[in-house]
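Chain and residue survey
One letter stands for each residue in the lines below.
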Amino acid sequence: MDLRRDVFQAIADPTRRAILLLVATQSMTAGAIASQFDSKRPTISKHLLILTECELLKREPIGREMHYHLNPNKMKEIADFIAPFQKLWDDRFNKLETVMKQYKRKS
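Note that the coordinates shown come from a computational prediction; the quantities given were computed from them, not determined experimentally.

Conventions we followed
Residues numbered from 1 in each chain as written. Predicted model: local features only at pLDDT ≥ 70, side-chain atom pairs only at ≥ 80, totals over all residues. Heavy atoms only, no water. Helix = DSSP H or I, 4+ residues; strand = E, 2+ residues; numbered from the N terminus. Pairing = 2+ DSSP bridges. Contact = heavy atoms within 4.5 Å. Axes fitted to C-alpha atoms, helices over the stretch in contact; angles between N-to-C directions. pLDDT = per-residue confidence, 0-100. Expected span 1.5 Å × (residues − 1). Buried < 20%, exposed > 50% of the residue type's maximum accessible area, 1.4 Å probe, protein only. Arc of directions from axis to C-beta. Core = buried A, V, L, I, M, F, W, Y, C linked by side-chain atoms within 4.5 Å. Salt bridge = Lys/Arg side-chain N within 4 Å of Asp/Glu carboxyl O.

Overview of the environment of Gly31
Inspection of the secondary structure puts Gly31 in helix 3 (residues 30–34). A C-alpha to C-alpha distance of 9.0 Å links Gly31 and Ser45, two positions 14 residues apart in sequence.

Notes on the sheet that holds strand 3 (residues 65–70)
Strand order in the open sheet formed by three strands is 1-3-2, with antiparallel pairing between adjacent strands. With partners counted over all chains shown, the strands left at the sheet margins are strand 1 (28–29) and strand 2 (57–62), one partner each. Bridge count for strand 2 against strand 3 is six bridges, and the pairing is antiparallel. Within strand 3, the residue paired with Ile62 across the bridge is Glu65. Across the sheet, helix 2 (residues 14–23) is in contact with strand 1, strand 2 and strand 3; its angle to strand 3 comes to roughly 95°. Along the sheet face, helix 4 (residues 41–53) touches strand 2 and strand 3 and points at about 110° away from the line of strand 2.

Brief notes about unusual backbone geometry
Backbone geometry at Glu55 places phi at a positive 70°, although glycine is not the residue there. Its location among the elements puts Glu55 in the loop between helix 4 and strand 2.

With respect to the confidence of the model for the chain
Of the residues in the chain, 95% reach a pLDDT of 70 or more, and the chain-wide mean stands at 91. Averaged pLDDT values for the elements of the chain fall to 88 in helix 5 (residues 72–106) and rise to 97 in helix 2.

A short note on helix 4
Taking 1.5 Å of rise per residue, the 13 residues of helix 4 would be expected to cover 18 Å, and the 18 Å separating its terminal C-alpha atoms lies within 8% of that figure. Every buried residue belonging to helix 4 is among Ile44, His47, Leu48, Ile50 and Leu51, and all of these are buried. All buried residues of helix 4 project into a common sector of 160° when viewed along the axis, lining one side. Looking at the buried side of helix 4, the elements it contacts are helix 1 (7–11), helix 2, helix 3, strand 2 and strand 3.

Description of the nonpolar core
Generally speaking, soluble globular proteins have nonpolar side chains that are buried together. Ranked by internal contacts, the top residues of the largest apolar core, which has 21 residues, are Ile19, Ile33, Leu48, Leu56 and Leu57. Among the elements of the structure, helix 1, helix 2, helix 3, helix 4 and strand 3 are those that each provide at least two residues to this core. Among the elements that line this core, the one with the most residues is helix 4, at four residues. Filtering out sequence-adjacent residues up to four positions away, Ile19 remains in contact with Ile33, Phe37, Ile44, His47, Leu48, Leu51 and Leu57.

What about the side chain of His47?
Looking at the secondary structure, you find His47 in helix 4. In this structure His47 touches Asp13, Thr15, Arg16 and Ile19, once residues within four positions along its chain are discounted.

Description of the pattern of salt bridges
All told, the structure shown has five salt bridges when counted by the stated rule. The residue Glu55 makes a salt bridge to Lys74 at a minimum N-O spacing of 4.0 Å. With Glu55 in the loop between helix 4 and strand 2 and Lys74 in helix 5, this pair connects stretches of sequence that are 19 residues apart. One salt bridge connects Asp80 with Lys76, and the closest N-O pair in it is separated by 2.9 Å. In this pair, Asp80 and Lys76 both sit in helix 5, four residues apart, roughly one turn of the helix. Here the salt bridges do not stand alone but share partners, grouping Glu55, Lys74 and Glu77 into one network.

Here is the structure:
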């Protein structure tokens, strides 16, 4: 049975976001990733499993080691989903800025 985890649930966790930032520029082994955290290695392995299951990370065997690297296509899907919300909030903040500037002038 192929169960996919929810990508937004995966990135809601601060440790998983930190892992994504770590592997954003270079692939890393699980041990190298785990060494960056105070958590025990099995805990980091669970985070890596979740990130891999929702396709944010890809695993690639290099020699005897498994390397993890960011899946840019999945990250783009997230960015594309969030883009309309970003525009909505930018528009709202721009309107608020205009109101605040008018308020300052009246004071």
